[in-house]
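# Report on the structure
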Amino acid sequence: MTESPPARSVGRPRRTGVAGGDPRREILEAASRLFAERGYAPTTMTQVAREVGLGQSSLYYWFRSKEDLLKALVSANRESLDVAERLAAGDAPAAVRLYAVLYADVLQMCEGALDFYDLERAARAQPDVFAEVLDDYGRLRDELERIVEAGAEEGALVAADARLAVVACLAQTEGVQHRLRTPTPDASDRPSALASTRDAARLAATTAVRGLLAEPARIDEVERLALEALGED
């Protein structure tokens with residue numbers, strides 16, 4: 001009986017003659033690096049195999065296609081949806097929940113293997129392959145719409161069209177992560193990656209939520225409560 005690939009934990013010898021540890025993990029780490037550096041579309045399975053030091057047939061033993069690699073990388077990448085669903089069960093005000101979810105969304109996308117726009121294009125082109133990714137994105141949008149509607153009922157958020165408001169919010173989070181990934185002519189003065197990502201997450205969430213607050217001056221309080229709910233400093 002053929003052993004299932006995920007159950008294997010001992011690495012096969014590399015072309016270099018050095019035995020590896022966990023080939024599946026090493027393949028995912030290599031794919032993540034290449035997707036981030038080159039983009040999803042230009043990266044080939046051959047390049048991933050070469051990065052790990054495996055023959056291409058060995059790579060296909062673990063992952064049958066580049067789509068399988070991408071699915072494995074993003075399957076656990078649903079932090080913002082988890083935050084939305086966790087906070088929905090509590091009593092946090094809608095504006096606080098909205099800020100927390102948008103902040104988490106930027107962090108999630110910036111820490112992911114590739115630009116969200118690349119992931120979305122791949123998912124839209126092959127909806128059957130990426131059904132789980134599309135489903136999670138739809139659920140996130142639904143949760144955000146419910147938050148906006150609840151905020152309008154509370155009087156904390158302006159009574160805007162919930163769907164349009166969510167589109168505007170996601171344009172902030174998705175656009176920020178894209179720009180952070182886009183090379184700039186001079187990056188010598190940029191802060192550390194972590195600081196830059198967190199600053200960008202706060203800026204995106206603040207900009208989006210302030211525009212929907214009935215009392216924009218409350219944004220500092222909303223931000224503080226949201227970061228506390230997320231366990232941030």
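Right above here is the structure, for reference.
Heads up: these notes are all about the structure in this document.

Turning to the overall build of the protein, a few remarks are in order. Counting its regular elements, the protein contains 11 helices and zero strands. Secondary structure elements of the protein occur, N-terminal to C-terminal, as α-α-α-α-α-α-α-α-α-α-α. Every one of the 233 residues in the protein was classed for burial, and the buried ones make up 43%. Restricting to contacts in the protein with at least 6 residues of sequence separation, those with at least 24 account for 67%. Accessible area for the protein stands at about 12,300 Å²; split by element, carbon and sulfur atoms hold 51% of it.

Counting 67 residues, the largest nonpolar core has Ile27, Leu70, Leu98, Tyr99 and Leu144 as the members making the most contacts within it. Ranked by residues supplied to this core, first place goes to helix α6 (residues 94-111) with 14 residues. Excluding residues that lie within four positions of it along the chain, Leu144 makes contacts with Leu98, Val101, Leu102, Val166 and Leu170.

A side chain of one charge can pair with a side chain of the opposite charge when the charged atoms of the two come close. Throughout the structure, instances matching the rule amount to 13 salt bridges. Residues Asp68 and Arg64 are paired through a salt bridge, measuring 3.7 Å at the closest nitrogen-oxygen approach. Given the relative accessible area of 69%, Arg64 is considered exposed. The closest approach of N and O atoms between Glu143 and Arg146, which form a salt bridge, is 3.1 Å. Here Glu143 pairs with Arg146, and both are found in helix α8 (residues 131-154), just three residues apart, close to one helical turn. Glu143 sits in the buried class, given a relative accessible area of 13%. Within the structure, one salt-bridge network assembled from shared partners comprises Glu85, Asp136 and Arg139.

Moving on, we get to the packing of aromatic side chains. Summed over all chains, the structure comprises three aromatic pairs. Summarising the aromatic geometry, the rings of Phe35 and Tyr40 are spaced 5.2 Å apart at their centres and angled 70 degrees between planes, so their arrangement reads as edge-to-face. Between Tyr61 and Trp62 the ring centres are 5.3 Å apart and the planes differ by 85 degrees, which places this aromatic pair in the edge-to-face class. Judged by relative accessible area, Tyr61 falls into the partly exposed class, the value being 23%. Between the NZ or CZ atom of Lys66 and the centre of the ring of Tyr40, over which it lies, the distance is 4.5 Å.

As a further point, take the packing of α6 against α8. At their nearest, the axes of α6 and α8 sit 8 Å apart, and the two run at 150 degrees to each other. With respect to their mutual orientation, α6 and α8 come out roughly antiparallel. Two packed elements cross with a definite hand, and for α6 against α8 that hand is left-handed. Facing Ala94, Arg97, Leu98, Val101, Leu102 and Asp105 of α6, the residues of α8 in contact are Leu140, Leu144, Ile147, Ala150, Gly151 and Glu154. Across the contact of α6 with α8, the residue classes tally to eight nonpolar, one polar and three charged.

Reading the values: rules and limits
- Residues numbered from 1 in each chain as written.
- Predicted model: local features only at pLDDT ≥ 70, side-chain atom pairs only at ≥ 80, totals over all residues.
- Heavy atoms only, no water.
- Helix = DSSP H or I, 4+ residues; strand = E, 2+ residues; numbered from the N terminus.
- Buried < 20%, exposed > 50% of the residue type's maximum accessible area, 1.4 Å probe, protein only.
- Contact = heavy atoms within 4.5 Å.
- Areas by Shrake-Rupley, 256 points an atom, 1.4 Å probe, with all protein chains shown as cover.
- Core = buried A, V, L, I, M, F, W, Y, C linked by side-chain atoms within 4.5 Å.
- Salt bridge = Lys/Arg side-chain N within 4 Å of Asp/Glu carboxyl O.
- Phe/Tyr/Trp six-rings, centres within 6.5 Å; stacked < 30°, edge-to-face > 60°.
- Lys NZ or Arg CZ within 6 Å of the ring centre and 35° of its normal.
- Axes fitted to C-alpha atoms, helices over the stretch in contact; angles between N-to-C directions.
- Parallel < 35°, antiparallel > 145°, perpendicular 65-115°, else oblique.
- Left-handed = near helix turned anticlockwise from the far one by under 90°.
- Nonpolar A, V, L, I, M, F, W, Y, C, P; charged D, E, K, R; others polar.

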